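Chain and residue survey
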Amino acid sequence: MGVKGSILVSDHVERHHAHDLESAAPGVARVVLGPDGVQGDPAGIEVVNFSGDLFPERTQAFIRAAVSSKRLGWFHTFSAGVDNPFFRGLLDRGIRLTTSAGAHAVPIAQTVMLYLLALSRDLPAWLDAQARRSWEPRDIRDLQGRLLGVVGMGPIGLEVARLGLAFRMQVIGLRRTPRGDEPCETWPLARLPELLPRVDCLVLALPLHDDTRGLIDAAALERIKSGAILVNIARGEIVDESALVRALESGQLAGAGLDVFEREPLPEESPLWGQPNVIITPHSSGTNPGNWERANRIFLHNLARYARGAELVNEVG
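Residues numbered from 1 in each chain as written. Predicted model: local features only at pLDDT ≥ 70, side-chain atom pairs only at ≥ 80, totals over all residues. Heavy atoms only, no water.

1. Points about the overall build of the chain
- In terms of regular secondary structure, the chain is built from ten helices and 13 strands.
- Radius of gyration (C-alpha) of the chain: 22 Å, near the 20 Å computed for a compact globule of 317 residues.
- The C-alpha extent of the chain, read off along each of the three principal axes, is 65 × 45 × 30 Å.
- Of all 317 residues assigned to the chain, the portion counted as buried reaches 51%.
- The long-range share in the chain, meaning contacts at least 24 apart out of those at least 6 apart in sequence, stands at 62%.
- Surface exposure of the chain reaches about 15300 Å², of which carbon and sulfur atoms provide 53%.
- Here the chain holds 33 positive side-chain charges and 38 negative ones, and the gap between their average locations is 4 Å. (Helix = DSSP H or I, 4+ residues; strand = E, 2+ residues; numbered from the N terminus. Rg over C-alpha atoms; globule rule 2.2 N^0.38 Å. Buried < 20%, exposed > 50% of the residue type's maximum accessible area, 1.4 Å probe, protein only. Contact = heavy atoms within 4.5 Å. Areas by Shrake-Rupley, 256 points an atom, 1.4 Å probe, with all protein chains shown as cover. Lys, Arg positive; Asp, Glu negative; His and termini not counted. Charge placed at Lys NZ, Arg CZ, Asp CG, Glu CD.)

Given below as structure tokens:
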């Protein structure tokens, strides 16, 4: 019980949360990465808070300081996803890993609804007509009453489901094992093939694993209800992009809201750029000034728990 080594944080976290750090782990030394490098002895680092202010410019220097310590016991990251091989390496070394899952849920879920509203109303065509100063009335599709499928019921998926219900949509969630406390009807992930022919809107909000890579492939897109809208705010590799382009071009999909891609940045030659029924955002659906603070609060909450030997929240098994 207790923190026997030191805590590695950024200068931003030290500046804004020094009192909170001391309250959570009284008397524990801190190593700080500032503009002039590392202040303190990296060899004694036991706890690491990889905060959002470090990404991407100072990531390399911070990670180098963190992994140099043989005492490293717990690594917290501002991100929700940990599919990068670096995190697998930490777990293989026996280092505990926690995430900031939930910190980005609200802004990402709101962006999901932005995609659905814009695509159901063909906002791209309206904007094009506006640019041409052309008066072109058109019908719109209402979200009310439509079936929203949410694949992945972590913090983001749960928030998407809540907003879908607020828009009076029918909502069915999918997760590996339903818990029974979800805000909507929830099925096991294995029932995805059963859901696809029914959905009007499909939102992907699940982590990338070996068994979710390519989950939405050509066969899945052939099975999906004709005219459905697909939204991916999870990981690009979950969707077969070539099959996605074909589904969009054929009209099998009415549109797609995409924040993540197989390759990032999305190459200039990607045919997705030219699709009139696609909204592309540069992996920024959850970008929000409050995210860093929410992520740091999760770390501080966990730090107090770690110091007294309690179970950590958002720990990756």
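On we go from here.
2. Some words on the nonpolar core
- Ranked by internal contacts, the top residues of the largest apolar core, which has 35 residues, are Leu202, Leu204, Ile216, Leu244, Leu253 and Leu272.
- Counting residues per element, the ones that place at least two in this core are strand 7 (147-151), strand 8 (170-175), helix 7 (192-195), strand 10 (201-204), helix 8 (218-223), strand 11 (228-232), helix 9 (241-250) and strand 12 (253-258).
- With five residues, the single largest contributor to this core is helix 9.
- Among the nonpolar cores identified, the runner-up in size contains 25 residues, and Ile108, Val112, Val160 and Val231 belong to it. (Core = buried A, V, L, I, M, F, W, Y, C linked by side-chain atoms within 4.5 Å.)

3. Thoughts on the side chain of Asp11
- Residue position: Asp11 is located in helix 1 (residues 11-24).
- When its relative accessible area of 16% is taken as the criterion, Asp11 is described as buried.
- Sequence-distant contacts of Asp11, defined by excluding residues within four places in its chain, comprise Val32, Leu33, Gly34, Pro35 and Arg58.

4. A closer look at the side chain of Thr212
- Secondary-structure assignment places Thr212 in the loop between strand 10 and helix 8.
- The class for Thr212 is buried, based on a relative accessible area of 1%.
- Among the polar contacts made by the side chain of Thr212, one reaches the main-chain carbonyl oxygen of Pro207 at a distance of 2.9 Å.
- With sequence-adjacent residues up to four places away left out, Thr212 is seen in contact with Arg176, Leu206, Pro207 and Ile238. (Polar contact = N/O pair within 3.5 Å; in protein donor to acceptor, adjacent residues only side chain to side chain.)

5. Section: the sheet that holds strand 7
- Strand order in the open sheet made by the seven strands is 9-8-7-10-11-12-13, with parallel pairing throughout. Single-partner strands in this sheet number two, and they are strand 9 (185-188) and strand 13 (278-280). Strand after strand, the sheet turns through a mean of 15° between neighbouring axes, direction not considered. (Pairing = 2+ DSSP bridges. Axes fitted to C-alpha atoms, helices over the stretch in contact; angles between N-to-C directions.)

6. A short note on the sheet that holds strand 1 (residues 6-10)
- Pairing is mixed across the open sheet formed by six strands, whose spatial order is 3-2-1-4-5-6. Each edge of the open sheet is held by one strand with a lone partner, namely strand 3 (37-39) and strand 6 (96-98). The mean inter-strand angle of the sheet, taken between neighbouring strand axes irrespective of direction, is 20°.
- As defined by bridge partners, strand 5 (residues 74-77) adjoins strand 6 across three bridges and the pair is classed as parallel. Looking at the pairing, Trp74 lines up with Arg96 of strand 6.
- Its contacts with the sheet place helix 3 (residues 85-92) against strand 5 and strand 6, and it is angled at close to 155° to strand 5.
- Packed onto the sheet, helix 10 (residues 291-307) meets strand 1, strand 4 (45-50), strand 5 and strand 6 and runs at close to 160° relative to strand 5.

7. Comments concerning the state of the cysteines
- For the structure shown, the criterion picks out zero disulfides.
- Distance from the sulfur of Cys184, which forms no disulfide, to the nearest cysteine sulfur (Cys201) is 14 Å. (Disulfide = S-S within 2.5 Å.)

8. Focus: the packing of aromatic side chains
- Counted by the stated rule, this structure contains nine aromatic pairs.
- Considering the side-chain rings of Phe55 and Phe78, the 5.9 Å spacing of their centres and the 50° angle between planes classify their relative orientation as tilted. Of this pair, Phe55 sits in the loop between strand 4 and helix 2 (59-67) while Phe78 sits in the loop between strand 5 and helix 3, and the two are 23 residues apart along the sequence.
- Judged by its relative accessible area of 16%, Phe78 falls in the buried class.
- Considering the side-chain rings of Phe75 and Phe86, the 5.6 Å spacing of their centres and the 70° angle between planes classify their relative orientation as edge-to-face. Here Phe75 is found in strand 5, whereas its partner Phe86 is found in helix 3, with eleven residues between them in sequence.
- The buried category is assigned to Phe75, whose relative accessible area is 0%.
- By relative accessible area, Phe86 is classed as partly exposed at 26%.
- Just above the ring of Trp187 sits the side chain of Arg191; from NZ or CZ to the centre is 3.7 Å. (Phe/Tyr/Trp six-rings, centres within 6.5 Å; stacked < 30°, edge-to-face > 60°. Lys NZ or Arg CZ within 6 Å of the ring centre and 35° of its normal.)

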